[in-house]
Amino acid sequence: MTDPKSRLAEKVGTFRPSLTLELKRLAAARVARGLPVYDFGLGETKGDLAPHIAEAGARAFRDGETMYGDPAGLSALRDAALRWLGLERQYAIENVVITSGAKQGLFNIFLALCNPGDTVLFDAAPWVSYQPMAIAADARVALVQPSAGAGNFLKVTAEDLRRELRNHPDARLFLLNSPVNPTSQLYSTEELEALLSVCVERQVYFVLDRLYWRLVFDGAVFPEPRVDEETRPWLIQVDGLSKNFRRTGGIRLGWTVAPTDVARAMVNLQSHYTSGPAIPTQHAALAGITASYDVELRDDLERKRNLLLDATCNIPQIKVWPTPAAFYSFWDVRACLGKTAPDGRRIDSSAGLATYLLDSAGVITAPGSAFMQEGYLRNSFATPDEHIVEGCRAVGQALATLR
Ligand code: PLP
């Protein structure tokens, strides 16, 4: 009999299913068995879809807006994406590609820019799908590690990037996510500028995934990268509908703003493998980003952030990082590693701790190892208040029994 491994491409064998989607499955399975679940797992906004978004999608179906469209996306949406990002004076619609979620924008970028074996650089705690997508595009991946230790909350500096570029002269692009999933850190204008300048100087693309950019707390605003003649050839920005609105992850709509040649290559690619995103969902997105932005979601998440901080401050086994943006609380749980649970199991990794919290307390968290950072848990607080309060109580009780 043929070795089953040989039936698949080698690179596919290295992928595990998306951890975050697996968490959604675990939560649903526990609910179906009538077990309690406190869900800090999946990074997805809850609540009701805004009626104007729902109606625009429904109207497009009713009106038969269901024929093939321009693979780059609806012109009106490309124009609206620039206005939504405040980039309408710096770019034209030929620089905008509408994609099936931010994910497809990122995958298109790797496909369009990387020759086999080129290196793609990520920051120290990359979001779970970056690496599989880069590898699927036949690129190699390397992480830029922060030199200054944990005090900088895993943010990388221009010096860190320079060092990694020296190690990888074949690097094609540096991908930075800000606000960062999983750490929820926000790069300042100065920090962004320093990293962007290194990329421009080295003629390496600087890809900014800004998917959570409207969710910035404490009265701050999202720091924008500099867009001018010097940076435009090397700067690519990825965004989408999934995080800054309620219940929009499944609409699968995103947009990328890129130099003209890159945007054209991305459109060419997706013209062959998706023909562009579904037209009714593009109409839904158009309605979403052209209406005046409702800051209610941001304010609600800021309130939940505070609720979670209060709920965790009395759990001595964890250290909670500040959360200036997005909706993730990154917990340092290194003090729990090496301990033994009442059922005799030894907790020796963040994945082991996440499994223990799920089994013993019904708490769903994402282990730091999924983001290349062992010793941490990522907790999404885009979850009902009672999950935050009761879930943290359950975490505190479960951790108190570790010896
Ligand atoms: N980038 C980051 C940092 C994310 O957290 C996610 C989704 O969780 C994505 C990209 C993919 O977004 P989308 O659902 O719009 O494809």
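Residues numbered from 1 in each chain as written. Predicted model: local features only at pLDDT ≥ 70, side-chain atom pairs only at ≥ 80, totals over all residues. Heavy atoms only, no water.

1. Regarding the packing of aromatic side chains
Two numbers describe a pair of aromatic rings. These are the distance of the centres and the angle of the planes. Scanning all chains against the criterion turns up 18 aromatic pairs. Ring geometry for F110 and F122: centres 6.2 Å apart, planes at 80°, overall edge-to-face. One end of the pair, F110, is in helix α5 (residues 101–113); the other, F122, is in strand β3 (residues 119–122), and 12 residues separate them in sequence. The pair formed by F110 and F122 is uniform in burial state, with each residue classed as buried. Among the aromatic residues, those joined into a ring-pair cluster are W84, W213, F222, F245 and Y293. The ring of W213 carries the charged tip of R210 above its face, separated from the ring centre by 4.3 Å. (Phe/Tyr/Trp six-rings, centres within 6.5 Å; stacked < 30°, edge-to-face > 60°. Helix = DSSP H or I, 4+ residues; strand = E, 2+ residues; numbered from the N terminus. Buried < 20%, exposed > 50% of the residue type's maximum accessible area, 1.4 Å probe, protein only. Lys NZ or Arg CZ within 6 Å of the ring centre and 35° of its normal.)

2. Observations regarding the domain arrangement of the protein
For the protein, the domain assignment lists domain 1 (4–35 + 295–400) and domain 2 (51–290). Distance between the C-alpha centres of domain 1 and domain 2: 26 Å. With 29 residues of domain 1 at the contact, the number on the domain 2 side is 33 residues. Each partner contributes to the roughly 2800 Å² buried at the junction of domain 1 and domain 2, and carbon and sulfur atoms together form 63% of this total. (Domains from an automatic or database assignment. Contact = heavy atoms within 4.5 Å. Buried area = accessible area lost by both parts, 1.4 Å probe.)

3. Quick word on the site of the ligand
Within the structure, the ligand sits among 14 residues, and N181, D209, Y212, S242 and R252 are positioned closest to it. Backbone polar atom of K103 to an oxygen atom of the ligand: 2.9 Å apart, as the coordinates give it. A distance of 2.8 Å separates an oxygen atom of the ligand from a polar side-chain atom of N181. Surface burial for the ligand is 93%, taken as the share of its 390 Å² of free accessible area covered by protein chains. In terms of residues, the shell around the ligand owes the most to one element, α5, which gives 4 residues. (Near = heavy atom within 4 Å. Polar contact = N/O pair within 3.5 Å; in protein donor to acceptor, adjacent residues only side chain to side chain. Areas by Shrake-Rupley, 256 points an atom, 1.4 Å probe, with all protein chains shown as cover.)

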